[in-house]
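Spelled out, the chains give:
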Amino acid sequence: QQSLVTTGTLAGMTKKDAVYASLKPTKDLFRSVGIFVTHPKRYEADDSLSSAAWRLCHNHPEVLMYLTSPDKDVLQCVTENVHIHIPEYNKIPERIIKPKDVPRLRNGLSARQFLDLQILLGDKVDSIPPVPACHPATAMKIIKTHGSLQAYFKTPEGDKFYRSRATELHRNKELVKLSRRAFMYPASSLSFDKLTGTAESSAFTTLKALQSRKSLF
């Protein structure tokens with residue numbers, strides 16, 4: 001039995017239906033204060049974040065960008081120019097994740113090494129199967145010993161491993177690596193120049209209107 005929303009203007013709806021019902025008004029709220037909104041239909045939100053970050057930092061290496069997401073996949077994006085903002089959730093304080101923080105969160109692995117580990121182990125949450133006969137301890141040993149899959153594949157043992165599992169390895173690489181093609185707009189689209197001193201007032205007015213139509217939490 002699906003749990004229901006118990007309070008607010010969407011009370012009585014399933015939480016899944018409430019989320020979908022809130023998507024458009026949430027976008028309207030962001031647009032009302034000049035925030036660029038995109039919703040590529042072929043990609044997930046973490047792909048859009050990754051792609052936007054890569055495009056902006058590629059064109060403007062002086063920019064420091066913060067991606068707000070609790071999704072572990074977004075850790076792939078962490079660089080000196082891209083930090084992750086994880087909001088407060090379930091009484092866990094909000095955090096800012098920088099490159100130096102990734103090894104502590106991922107068993108001593110860097111962002112790049114964690115991606116290699118995901119290629120081997122897949123991702124149960126995203127329904128990505130593991131590479132056959134590659135157990136977590138084996139995968140971790142490969143990455144810890146050789147530093148990367150690329151280095152491992154240059155060894156006799158790694159070359160044999162690659163040849164016997166090439167199809168699954170390439171499949172998983174495509175599935176776990178966040179896309180750089182999800183955000184195809186110019187980097188200037190991400191500018192916050194449109195935000196003015198009236199943004200807060202505009203957001204409040206839009207929010208009250210959406211609530212009065214019972215289209216937002």
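Check the entry above for the structure.
Computed from a predicted structure; not experimentally measured.

**Q** Just checking my understanding: could you explain the pattern of salt bridges for this structure?
**A** Opposite charge on two side chains permits them to pair, given that their charged atoms come into close proximity. Under the criterion given, the structure shown has 8 salt bridges. Put simply, D28 and K24 hold a salt bridge, and the shortest N to O gap is 3.1 Å. One end of the pair, D28, and the other, K24, are both in helix α1 (residues 15-32), 4 residues apart, so they sit about a helical turn from each other. The class of D28 is partly exposed, set by a relative accessible area of 24%. By relative accessible area, K24 is classed as exposed at 57%. Between D116 and R112 there is a salt bridge; the shortest N-O distance is 2.8 Å. With D116 and R112 both in helix α4 (residues 111-121), this residue pair falls 4 residues apart, about one helical turn.

**Q** Even after reading the chapter, I still don't get the nonpolar core, so can you show me in this structure?
**A** Here is a general trend for soluble globular proteins: nonpolar side chains tend to be buried in one another's company. Ranked by internal contacts, the top residues of the largest apolar core, which has 18 residues, are L117, L120, I143 and F161. For this core, the secondary structure elements donating two or more residues are α4, α5 (136-146), α6 (149-153) and α7 (156-176). With 5 residues, the single largest contributor to this core is α4. Once residues within four sequence positions are removed from consideration, L117 is found in contact with L109, A139, M140 and I143. Judged by nonpolar contacts, the second largest core, of 16 residues, contains C57, V78, I86 and V102.

**Q** Quick question: what am I supposed to make of a nonpolar patch on the surface here?
**A** Together, V19, Y20 and L23 line one region of the surface with nonpolar side chains, adding up to about 300 Å² of accessible area. Tracing the chain through its elements places V19 in helix α1. Accessibility expressed as a relative area gives 46% for V19, which makes it partly exposed.

Thresholds applied
- Residues numbered from 1 in each chain as written.
- Predicted model: local features only at pLDDT ≥ 70, side-chain atom pairs only at ≥ 80, totals over all residues.
- Heavy atoms only, no water.
- Salt bridge = Lys/Arg side-chain N within 4 Å of Asp/Glu carboxyl O.
- Helix = DSSP H or I, 4+ residues; strand = E, 2+ residues; numbered from the N terminus.
- Buried < 20%, exposed > 50% of the residue type's maximum accessible area, 1.4 Å probe, protein only.
- Core = buried A, V, L, I, M, F, W, Y, C linked by side-chain atoms within 4.5 Å.
- Contact = heavy atoms within 4.5 Å.
- Patch = residues over 30% accessible without salt bridge, like charges linked within 9 Å, V, L, I, M, F, W, Y side chains within 5 Å.
- Areas by Shrake-Rupley, 256 points an atom, 1.4 Å probe, with all protein chains shown as cover.

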